[in-house]
Amino acid sequence: MLAVPDSGPSREELRLLAGGEPLLSLERLRAGYGRMEILHGIDLVVAPGRSLCLIGPNGAGKSTVLHSIYGFTRILEGTIRVAGEDVTRISPNQKLRRSGVAYVLQDNSVFPDMTVEENLWMGGYLMDRPQQAKEAAERVFAKYKRLADRRRQPARVLSGGERRLLEISRALVMDPKVLLVDEPSIGLEPRYIDMVFEILTDLQRQEGKSIVMVEQNAKKGLEFADVGYVLVAGKVARAATGRELLEDPEVGRLFLGG
Ligand SMILES: Nc1ncnc2c1ncn2[C@@H]1O[C@H](COP(=O)(O)OP(=O)(O)O)[C@@H](O)[C@H]1O
Ligand SMILES: [Mg+2]
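These notes cover the structure that comes with them. Computed from a prediction, not measured in an experiment: that's the story for all the values here.

Regarding the nonpolar core
- Judged by nonpolar contacts, the single largest core of 72 residues is most densely connected at Val46, Leu179, Leu180 and Val212.
- Of the residues forming this core, the biggest block, six residues, is contributed by strand S2 (residues 36-46).
- Those residues in contact with Leu179, other than ones at most four positions away along the chain, are Ala102, Val104, Ala171, Leu203, Lys209 and Ile211.

Below is the structure:
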């Protein structure tokens, strides 16, 4: 069934699976880079306070889905909605400021020579006044003591796990409703991977954030997420609860090293 993406789940199935009214939805989205179409008609539904993990082979277009939601790709057709509003063509800055969608930047996006608090203030660069960003940063520090303890130290002293926490926290400064997270476990030592998933679980359960994640570590991602989509060649081949996908023999064979 994974080999035949043409027969993917229906929109109605995805809506039911989402477990609530759609907060974020993609409808028949075709998108790519330049003249290259990567996503060939993606439907996706996330409800408030719920989490969704995209798994699939390398190059399937998982990161491109997140890029498209945030506004980094060329949209050829289809619609992106947040709380019912058509946001297909708005810029990443407007997504963050107006629609409450944040993309967690990784890949060494932390500035090593700036202090932890200066890095955090950067998360509020779209706010009208610097003071607002500083107030938001204080809320983050109140929540994460391990960052507060190092607030005046250069970010380069942070461990890999703390650095990932800082990257996530920077996105929290704008108090988004939806967090887009690409491979939160990548490059981390095993002991920090659990920490990062605990942080994301807390953000979902205690703060009601919706989370859309891509995770190469499919086992971790599916254990975390309410809903899992299997992406193959730019289409949704399969969608089910995270638990169902974890127990699916074919998913196990292809993506869980089973
Ligand atoms: N910035 C880009 N410009 C052009 N092509 C890209 C870019 N990013 C990714 N691609 C291409 O899009 C396809 C899907 O990539 P990606 O979404 O990163 O896959 P995944 O995250 O599932 O591994 C790949 O063929 C990749 O080469
Ligand atoms: Mg990727």
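A look at the pairing of strand S7 (residues 178-182)
- Most of S7 is tucked away, with five of its five residues classed as buried.
- Burial of S7 is two-sided: the residues Val178, Leu180 and Asp182 facing one way and the residues Leu179 and Val181 facing the other way are all buried.
- Sheet topology places strand S6 (residues 101-104) next to S7; four bridges connect them, and they run parallel. Looking at S7, one finds that Ala102 is bridged to Leu179.
- Tracing the backbone out of S7, into helix H8 (residues 190-205) and back to the parallel element strand S8 (residues 210-214) gives a crossover that is right-handed.

Considerations on the environment of Ala225
- On the secondary structure map, Ala225 appears in the loop between helix H9 (218-224) and strand S9 (227-232).
- For Ala225, a count of 25 C-beta atoms within 10 Å gives the class buried.
- Sequence separation between Ala225 and Ile211 is 14 residues, and the spatial gap between their C-alpha atoms is 8.4 Å.
- Other than its neighbours up to four places away in sequence, Ala225 contacts Ser51, Leu52, Cys53, Met213 and Gly242.

So, helix H5 (residues 130-143)
- Compared with the 20 Å implied by 1.5 Å per residue over 14 residues, the 20 Å span of H5 between its first and last C-alpha is a close match.
- Looking at H5, one finds that the buried residues are Ala133, Ala136, Ala137 and Val140. The buried side chains of H5 occupy one side of the element, clustering within an arc of 105° when seen end-on. Of the exposed residues in H5, the ones pointing more than 90 degrees away from its buried face are Gln131 and Ala142.
- Where H5 is buried, its residues contact helix H4 (116-122), helix H6 (145-148) and helix H7 (160-172).

Conventions and cut-offs
Residues numbered from 1 in each chain as written. Chains lettered and ligands numbered in written order. Predicted model: local features only at pLDDT ≥ 70, side-chain atom pairs only at ≥ 80, totals over all residues. Core = buried A, V, L, I, M, F, W, Y, C linked by C-beta atoms within 7 Å. Buried ≥ 20, exposed ≤ 12 C-beta atoms within 10 Å, placed from the backbone. Helix = DSSP H or I, 4+ residues; strand = E, 2+ residues; numbered from the N terminus. Contact = placed C-beta atoms within 7 Å. Pairing = 2+ DSSP bridges. Right-handed = clockwise from strand over helix to strand, strands pointing away. Expected span 1.5 Å × (residues − 1). Arc of directions from axis to C-beta.

Read these as layout, nothing more, since geometry by itself doesn't imply function.
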